[in-house]
Amino acid sequence: MKFLDKFNYFIAVCAALITMFMTALVLIGIVCRYCLSVPFPEGQELAIYAMVYVVMLGSTCAVYNKTHIAVTFLVEKFPLSLRLCVRIFSYAAMIVFFYLLLDYGWTLTQRSMLQMSPSTGIQVGYIVISIPFSAALSIIYIIKQVIEEIQAYRSEKKQ
């Protein structure tokens, strides 16, 4: 599990670097448009693509750190075994969602490889692949959380 800790840190650093790149592109675009009166459409397009990657990589970090939206007030009141069942059901629903995202995202990625972006000429599939990548990574993170949840349940039950 230490590997996943390091990998998640790497993903977070990548998202931060991409955010800095995106910010720089937007600032350059503003300077080019308003100070130099020269359009910079490639910068705007790359900034949009960078935002897609930041959102998708950031979502995997949220899944890993369990900072996604959750209402736990009621679940915490349940008995230990029912609490585990509700959490496992929640994880199962998340796995189904991310599997669908992975499946349809991969199909979309394959289709988008034939499409070129208008300004930069980048194959759109290289942008869209962030969807199945983040979905697959989220599934791995959820499986890790299920294992940890079951281990915590067993250790609490022994006490």
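In what follows, the accompanying structure is described. (Residues numbered from 1 in each chain as written. Predicted model: local features only at pLDDT ≥ 70, side-chain atom pairs only at ≥ 80, totals over all residues. Heavy atoms only, no water.)

With respect to the overall build of the chain
When helices and strands are counted, the chain shows five helices and zero strands. Compactness check: the chain gives a C-alpha radius of gyration of 20 Å against a globular reference of 15 Å for 159 residues, more than 25% above the reference. For the chain, the C-alpha atoms occupy an extent of roughly 70 × 35 × 30 Å along the three principal directions. Going through the 159 residues of the chain one by one, you find that 31% of them count as buried. When contacts within the chain are restricted to residue pairs at least 6 apart in sequence, long-range pairs at least 24 apart make up 74% of them. If you sum the accessible surface of the chain, you get close to 10400 Å²; carbon and sulfur atoms cover 72% of it. Looking at the chain, you have 12 positive and 8 negative side-chain charges, and the mean spots of the two groups are 9 Å apart. (Helix = DSSP H or I, 4+ residues; strand = E, 2+ residues; numbered from the N terminus. Rg over C-alpha atoms; globule rule 2.2 N^0.38 Å. Buried < 20%, exposed > 50% of the residue type's maximum accessible area, 1.4 Å probe, protein only. Contact = heavy atoms within 4.5 Å. Areas by Shrake-Rupley, 256 points an atom, 1.4 Å probe, with all protein chains shown as cover. Lys, Arg positive; Asp, Glu negative; His and termini not counted. Charge placed at Lys NZ, Arg CZ, Asp CG, Glu CD.)

Describing the environment of L101
When you line up the elements, L101 lands in helix α3 (residues 80-112). When its relative accessible area of 27% is taken as the criterion, L101 is described as partly exposed. Distance in space between the C-alpha atoms of L101 and S134 is 9.0 Å, their sequence separation being 33 residues. Every residue in contact with L101, bar those within four places of it in the chain, is listed here: W106, I131 and A135.

Observations concerning helix α1 (residues 2-35)
Between its first and last C-alpha atoms α1 spans 49 Å; for 34 residues at 1.5 Å apiece the expected length is 50 Å, and the two agree. Elements in contact with the buried residues of α1: α2 (41-64) and α5 (130-158). Once α1 finishes, S37 follows within two positions and takes phi at roughly 55 degrees, a positive value. (Expected span 1.5 Å × (residues − 1).)

Quick word on the packing of α1 against α5
Relative to each other, α1 and α5 sit at 145 degrees, their axes nearing to 12 Å. Crossing angle aside, the handedness with which α1 passes α5 is left-handed. Packed against α1, whose contacting residues are L4, D5, F7, N8 and I11, the element α5 presents F133, L137, I140, Y141 and K144 at the interface. Residues belonging to the contact of α1 with α5 are distributed by class as follows: seven nonpolar, one polar and two charged. (Axes fitted to C-alpha atoms, helices over the stretch in contact; angles between N-to-C directions. Left-handed = near helix turned anticlockwise from the far one by under 90°. Nonpolar A, V, L, I, M, F, W, Y, C, P; charged D, E, K, R; others polar.)

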